[in-house]
Amino acid sequence: QVQLVESGGGLVQAGGSLRLSCTASGSIFSIHARGWYRQAPGKERELVAAIPYSGKVNYADSVKGRFTISRDNAENTFYLQMTSLKPEDTGVYYCNAEVAKSYSDYSYTYWGQGTQVTVSS
């Protein structure tokens, strides 16, 4: 069993900052990729930022220069640092991870339950 749990969402005024955290727990041998997605009301879920297996981070154009994805030294937690927030950043933010449960296992995608981010003007 692998579970991802997000935290750090909330209400913030435009121009403010938030840091979202995603903690993975369970049968984890290694994490091969990490990502953050968001879904605004009435819209499809979209990629915000990711660290793929290659290690080359990538961001949606709409957040580039404002958001940063990173991981901690323990490697079971990763973050989305959001600055200069805009009302259009409002939505439910989800973390996901590609997790291998043994050295010989494929990696599988797991999702958190989401955390609400609301940016007021």
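Since the structure is predicted, the reported quantities are computational estimates derived from the model, not experimental observations.

1. Re the overall build of the protein chain
For step 1, the next point in the chain: Scanning the protein chain for helices and strands turns up zero helices and eleven strands.
For step 2, the next point in the chain: Of the regular secondary structure in the protein chain, the N- to C-terminal order runs β-β-β-β-β-β-β-β-β-β-β.
For step 3, the next point in the chain: Here the C-alpha atoms of the protein chain give a radius of gyration of 14 Å, agreeing with the 14 Å that 2.2 N^0.38 yields for 121 residues.
For step 4, the next point in the chain: Along the first, second and third principal axes, the C-alpha atoms of the protein chain reach 50 × 25 × 25 Å.
For step 5, the next point in the chain: Looking at the protein chain as a whole, 39% of its 121 residues are labelled buried.

2. Some words on the state of the cysteines
For step 1, the next point in the chain: Scanning all chains against the criterion turns up one disulfide.
For step 2, the next point in the chain: Here C22 is linked by a disulfide to C95, with a sulfur-sulfur distance of 2.1 Å. Note on the C22 and C95 pair: the S-S dihedral is about 60°, so by sign convention the disulfide is right-handed. In this pair, C22 sits in strand β3 (residues 18-26) while C95 sits in strand β9 (residues 91-100), placing the two residues 73 residues apart along the sequence. Like C95, C22 is buried.

3. A closer look at the sheet that holds β3
For step 1, the next point in the chain: If you walk across this open sheet you meet the four strands as β1-β3-β8-β7, and the pairing is antiparallel. Edge positions in the sheet fall to β1 (2-7) and β7 (67-71), since each has one partner strand and no second. Direction aside, neighbouring strands of the sheet carry axes that sit 15° apart on average.
For step 2, the next point in the chain: As judged from the six bridges shared by β3 and strand β8 (residues 77-82), these two strands associate in the antiparallel manner. Among the inter-strand pairings, L20 is bridged to a residue of β8, identified as L80.

4. Focus on the side chain of R34
For step 1, the next point in the chain: Considering the arrangement of structural elements, one finds R34 in strand β4 (residues 30-39).
For step 2, the next point in the chain: Residue R34 is classed as buried on the basis of its relative accessible area, which comes to 5%.
For step 3, the next point in the chain: The contacts of R34, once residues within four sequence positions are left out, are A49, A50, I51, I69, R71, E75, F78, N96 and A97.

5. Comments concerning the environment of G114
For step 1, the next point in the chain: Assignment of secondary structure puts G114 in the loop between β10 (107-111) and β11 (115-120).
For step 2, the next point in the chain: In this structure, the C-alpha to C-alpha distance between G114 and V5, residues 109 residues apart in sequence, is 7.8 Å.
For step 3, the next point in the chain: In this structure, G114 is in contact with E6, V92, Y93 and Y94, ignoring residues within four places of it in sequence.

How each quantity is defined
Residues numbered from 1 in each chain as written. Predicted model: local features only at pLDDT ≥ 70, side-chain atom pairs only at ≥ 80, totals over all residues. Heavy atoms only, no water. Helix = DSSP H or I, 4+ residues; strand = E, 2+ residues; numbered from the N terminus. Rg over C-alpha atoms; globule rule 2.2 N^0.38 Å. Buried < 20%, exposed > 50% of the residue type's maximum accessible area, 1.4 Å probe, protein only. Disulfide = S-S within 2.5 Å. Pairing = 2+ DSSP bridges. Axes fitted to C-alpha atoms, helices over the stretch in contact; angles between N-to-C directions. Contact = heavy atoms within 4.5 Å.

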